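A closer look at the structure
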Amino acid sequence: MGNRFGELKALAQRGFFHILTGGVITKLITFASSIVVVRLLSKDDYSIIAYTDNIYSYIFLIAGLGFASGVLKFCVSNNMERNRAYFQFALKWGLLFQFVVSVGSLFAFGLIDFPIQGVSSMGLLLVLYPCFNYLFALLQSMLRAGLHNKAYAWVGMLQAVLVLFLSILFVLAQGYLGVVWARYIAVAVCIVAILVLIRSELFGSMEKITRSEMIRFTTFSLSLLFANMFSMAMPLNEAFLVNNILQDPNDVANFKVAALIPSQITFFTSAVIIYYTPYFARMKAGEEAWQESVKCARINAYIIAAVVVIGVAINSPIILLVYGSAYGDACSLAMVMWIAYGINAGFRMVPLNILPIIGFEKFNLVVSVVSCAIHFAFDAVMIWLYGVSGAVLASIIIYLVSGFVYWVYLAKRTRGVRAI
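Residues numbered from 1 in each chain as written. Predicted model: local features only at pLDDT ≥ 70, side-chain atom pairs only at ≥ 80, totals over all residues. Heavy atoms only, no water.

**Topic: the overall build of the protein**
Helices and strands together make up the secondary structure of the protein, namely 16 helices and zero strands. Since a compact globule built from 420 residues should have a radius of gyration of about 22 Å, the 22 Å found for the protein is in line with a globular shape. With the C-alpha coordinates aligned to their principal axes, the bounding extent of the protein is approximately 60 × 50 × 40 Å. By residue count, 47% of the 420 residues in the protein fall in the buried class. Considering only intrachain contacts with a sequence separation of at least 6, the fraction spanning at least 24 residues in the protein is 83%. Total accessible area on the protein is roughly 20000 Å²; 69% of this is exposed by carbon and sulfur atoms. The centroid of the 28 positive side-chain charges in the protein is displaced by 12 Å from the centroid of its 18 negative side-chain charges. (Helix = DSSP H or I, 4+ residues; strand = E, 2+ residues; numbered from the N terminus. Rg over C-alpha atoms; globule rule 2.2 N^0.38 Å. Buried < 20%, exposed > 50% of the residue type's maximum accessible area, 1.4 Å probe, protein only. Contact = heavy atoms within 4.5 Å. Areas by Shrake-Rupley, 256 points an atom, 1.4 Å probe, with all protein chains shown as cover. Lys, Arg positive; Asp, Glu negative; His and termini not counted. Charge placed at Lys NZ, Arg CZ, Asp CG, Glu CD.)

This is the structure:
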């Protein structure tokens, strides 16, 4: 018991609970912001925002070639000049890539005739936003790499609060396009805030990193980027296959509503990983990494178990209250989804995120691609045989099997191994 209390005390002192509670508050503010915007706009105007954001969500997936993640691995040394060199590399080439994408977006939104009028206008105004967003993500990574966990949490909340209040202000004045200016101003203020907080860690004298080191940084970032993309594609596969195999409006609607709350559980594991990543980045594969992985998994399992219990208790009342008795069938489906998403967040996501940070990004990428492919095929068969519930059962099996593979490999490469 004393050891557990000591762990909690150490976590608190290092800002873990700032990240966790700050992330929850940020999520709630973001959710409130979306509700406010919906209430202030007509359905037609809100459809423009939804359609445009859907397009940009694909651009955000490849933001800066994943260099913001690379910073978490390569900018954690005590050598500040070396950290600055990697940061400048990520800043220069990540922004250049993002700018090229923005130029392509400029032509796309200018030339394509979208089915919803107004998408082109909003899309054109947002073409530079991914550049700002990447810069913000890069600076946030530097906060995490430098273990500025409290500052990281506060800046995240600052952005959410600014977007909420500026959206109200500008939407009332300019309609749906006001959301654009709210986002630009909020991200710009947060960028300036981070520059002020850690300017000395970002700018100054630098070491010269070699070509091979640049290639290593780029390879690591891209491997992590593609692994995450394939991992994130798995729940998208479910929705795609349910939509196209069953083609039943009732099943499609039930599946979407049932997944809304359980799918958010991955946020809690992400918060745990956000805290632990800089510490793992300072380790080499060995017994220390294994012990820390077990500790991380234990803390994450406690949190996920508590969230699943609470989620199962409140899920049905929320569905019936918000969506009505017509979605009663979604309640039982949601219960199974809590198990599926709970296994993913509580068992699979921890080793999936730790492996690349301690040097096994290629294995992580291969398993992510194979898991995604098998999941798609298995999902299709299960949906064909068992309907909408088959999609969830397929995910439970794939999450368990792939999670077991990740843990076995992690144990094999770290447990009882002396770090070199």
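**Section: the packing of helix 10 (residues 211–246) against helix 16 (residues 388–414)**
Contact pair helix 10 / helix 16: the axes reach a minimum separation of 10 Å and the direction vectors enclose 155 degrees. Taken as axis vectors, helix 10 and helix 16 run roughly antiparallel relative to one another. In the packing of helix 10 onto helix 16, the handedness of the crossing is right-handed. Counted together, Met234, Pro235, Glu238, Val242 and Leu246 of helix 10 and Val388, Ala391, Ser395, Ile398 and Tyr399 of helix 16 form the full contact between these two elements. Taken together, the residues of the contact of helix 10 with helix 16 break down into eight nonpolar, one polar and one charged. (Axes fitted to C-alpha atoms, helices over the stretch in contact; angles between N-to-C directions. Parallel < 35°, antiparallel > 145°, perpendicular 65-115°, else oblique. Left-handed = near helix turned anticlockwise from the far one by under 90°. Nonpolar A, V, L, I, M, F, W, Y, C, P; charged D, E, K, R; others polar.)

**Side note on the pattern of salt bridges**
Applying the stated criterion to the full structure yields five salt bridges. The shortest N-O distance in the salt bridge between arginine 82 and glutamate 207 comes to 3.1 Å. You can see arginine 82 sitting in helix 5 (residues 80–111) and its partner glutamate 207 sitting in the loop between helix 9 (178–202) and helix 10, a full 125 residues away along the chain. Looking at arginine 82, the relative accessible area reads 23%, which means it is partly exposed. (Salt bridge = Lys/Arg side-chain N within 4 Å of Asp/Glu carboxyl O.)

**A word on a nonpolar patch on the surface**
A cluster of nonpolar side chains, namely Leu260, Ile310, Ile314, Ile318, Leu321, Val322 and Tyr323, defines an oily patch on the protein surface of about 650 Å² accessible area. Of all the elements, helix 13 (residues 287–323) adds the most residues to the nonpolar patch, at six residues. Within the secondary structure, leucine 321 sits in helix 13. In this structure leucine 321 comes out as exposed when scored by relative accessible area, which is 72%. (Patch = residues over 30% accessible without salt bridge, like charges linked within 9 Å, V, L, I, M, F, W, Y side chains within 5 Å.)

**Thoughts on the packing of helix 12 (residues 266–281) against helix 13**
Two elements in contact, helix 12 and helix 13, have axes separated by 10 Å at closest approach and are oriented at 165 degrees. As the angle between them shows, helix 12 and helix 13 are arranged roughly antiparallel. Every pair of crossing elements has a handedness; the one defined by helix 12 and helix 13 is right-handed. Contacts from Phe268, Thr269, Val272, Ile273, Tyr276 and Phe280 in helix 12 reach Ala289, Glu292, Ser293, Lys295, Cys296, Ile299, Asn300, Ile303, Ile304 and Val307 in helix 13. Counted by class, the contact of helix 12 with helix 13 contains eleven nonpolar, three polar and two charged residues.

**Some words on the packing of aromatic side chains**
Throughout the structure, instances matching the rule amount to 23 aromatic pairs. Pairing phenylalanine 267 with phenylalanine 268 gives two aromatic rings, centres 5.2 Å apart and planes at 70 degrees, and the pair type is edge-to-face. Phenylalanine 267 sits in the buried class, given a relative accessible area of 16%. Where tryptophan 290 meets tryptophan 407, the ring centres are 6.0 Å apart and the plane angle is 90 degrees; that geometry is what we call edge-to-face. Here tryptophan 407 lies in helix 16 and tryptophan 290 lies in helix 13, a separation of 117 residues in the sequence. Among the aromatic side chains, those forming a connected cluster through ring pairs are Tyr51, Tyr56, Phe60, Phe109, Phe114, Tyr129, Phe132, Trp181 and Tyr184. (Phe/Tyr/Trp six-rings, centres within 6.5 Å; stacked < 30°, edge-to-face > 60°.)

**Considering the side chain of serine 102**
In this fold, serine 102 is placed in helix 5. Setting aside anything within four residues of it in sequence, one finds serine 102 in contact with Val127, Leu128 and Cys131.

**Topic: the environment of isoleucine 397**
As for its placement among the helices and strands, isoleucine 397 is situated in helix 16. As a C-alpha pair, isoleucine 397 and glycine 110 span 287 residues in sequence and 45 Å in three-dimensional space.

**Regarding the side chain of arginine 84**
Among the structural elements, arginine 84 can be located in helix 5. Despite being buried, arginine 84 has no salt bridge partner; glutamate 81 is the closest side chain of opposite charge, sitting 5.3 Å away. Here serine 205 takes part through its backbone oxygen, which lies 2.9 Å from a polar atom of the side chain of arginine 84. In this structure, arginine 84 is in contact with Ser200, Glu201, Leu202, Phe203, Gly204, Ser205 and Met206, ignoring residues within four places of it in sequence. (Polar contact = N/O pair within 3.5 Å; in protein donor to acceptor, adjacent residues only side chain to side chain.)

Function cannot be read off these values alone, since they describe shape.
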